[in-house]
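# Structure at a glance
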Amino acid sequence: RRCVQETGINAEYMGFMISQGLRFIGSDLAKKIDAELMGELGYTLHQLAELAGLSTAQAIHHFVEKKFPTKPKDKFNILAICGPGNNGADGLIAARHLAQYKYKTQIFYPKPTEKDFYKGLVQQCKIMEIPFLEAMPSHDSLSKNYDLIVDAIFGFSFAGEIREPFKSIINEIGSSGVPIASIDIPSGWDVDKGNINHLFCPEMLMSLTLPKTCAKDYKGAHYLGGRFVPNCLTKKYNLDLSLIHISEPTRPERISYAVFCLKKKT
């Protein structure tokens, strides 16, 4: 898999239109926005994670319907691979919603976080009877048994060397040939510099809040989720969210206001 460089971005999905002025944000600004949302603006981690996970599930549902239109959902096998941080929480929530959409969903969560919030997310998935794998499948097993992998390993705050077990996991999913849907950034990419480690390039990317700088040259199916940034932040950081327009009459009911499909300019 390779990401092909392009310049300029146009975005459209049914009644959604995002202009070429859409801003990409780097790691420092992404951290500032998160801190302010969960500080004086009153949002909680639980709230933002639920929005992110639901938006991701909705985007994956749209992506699957477009890419695999003839395959029934109850025969479509999805493996969500979740890391120990907030990106992993988004993945657990997305897996729960995908199971509610009737996809055959499984989870691999190799390093569970011992905080009550994450334990609660695991419990919610178990109540939904979503299987948790005990070991990471090989790339051959992934290729034979799964139609889509949800990459929820690392988010925009990850930096430094990729360590085990995630180094091997990333190598396995990259060599499996199974389509990958990454949440916010592809795991192992540098948030500001992109795929400098020459890792996998996902077929689908679900950017949260705003696309990160690493996605400027991304050519796959690109979605934007989480229209919850208040006007005070858009003005403060010149985020230009006013460039996003919605035409409600053409909006499918199953796709919420939080989800937009981004498409490279041809």
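Here, every reference points to the structure presented above.
Now for a description of the structure that goes with this document. Because the structure is predicted, anything quoted here is derived from the model rather than measured.

### A short note on the nonpolar core
Ile60, Ile78, Leu92, Leu98, Ile107, Leu148 and Met204 are the most contacted members of the largest nonpolar core, which has 36 residues in total. Elements with a contribution of two residues or more to this core: α2 (45–67), β3 (77–82), α3 (86–100), α4 (116–127), β5 (148–152), β6 (180–183) and β7 (204–208). Here this core gets seven residues from one element, more than from any other, and that element is α2. Among residues more than four places away in sequence, those in contact with Met204 are Ala59, Ile60, Phe63, Ile180, Ala181, Ser182, Tyr218, Ala221 and Tyr223.

### Re the pattern of salt bridges
This model, assessed by the stated rule, comprises five salt bridges. The partner of Glu50 in a salt bridge is Arg96, with the nearest N and O atoms 3.0 Å apart. On the criterion of sequence distance, the pair formed by Glu50 in helix α2 and Arg96 in helix α3 is long-range, its members being 46 residues apart. What makes Arg96 buried here is its relative accessible area of 11%. Note that Lys71 is salt-bridged to Asp147, the shortest N-O span being 2.8 Å. You can see Lys71 sitting in the loop between α2 and β3 and its partner Asp147 sitting in the loop between α5 (139–145) and β5, a full 76 residues away along the chain. You can call Lys71 partly exposed: its relative accessible area is 32%.

Rules behind the numbers
Residues numbered from 1 in each chain as written. Predicted model: local features only at pLDDT ≥ 70, side-chain atom pairs only at ≥ 80, totals over all residues. Heavy atoms only, no water. Core = buried A, V, L, I, M, F, W, Y, C linked by side-chain atoms within 4.5 Å. Buried < 20%, exposed > 50% of the residue type's maximum accessible area, 1.4 Å probe, protein only. Helix = DSSP H or I, 4+ residues; strand = E, 2+ residues; numbered from the N terminus. Contact = heavy atoms within 4.5 Å. Salt bridge = Lys/Arg side-chain N within 4 Å of Asp/Glu carboxyl O.

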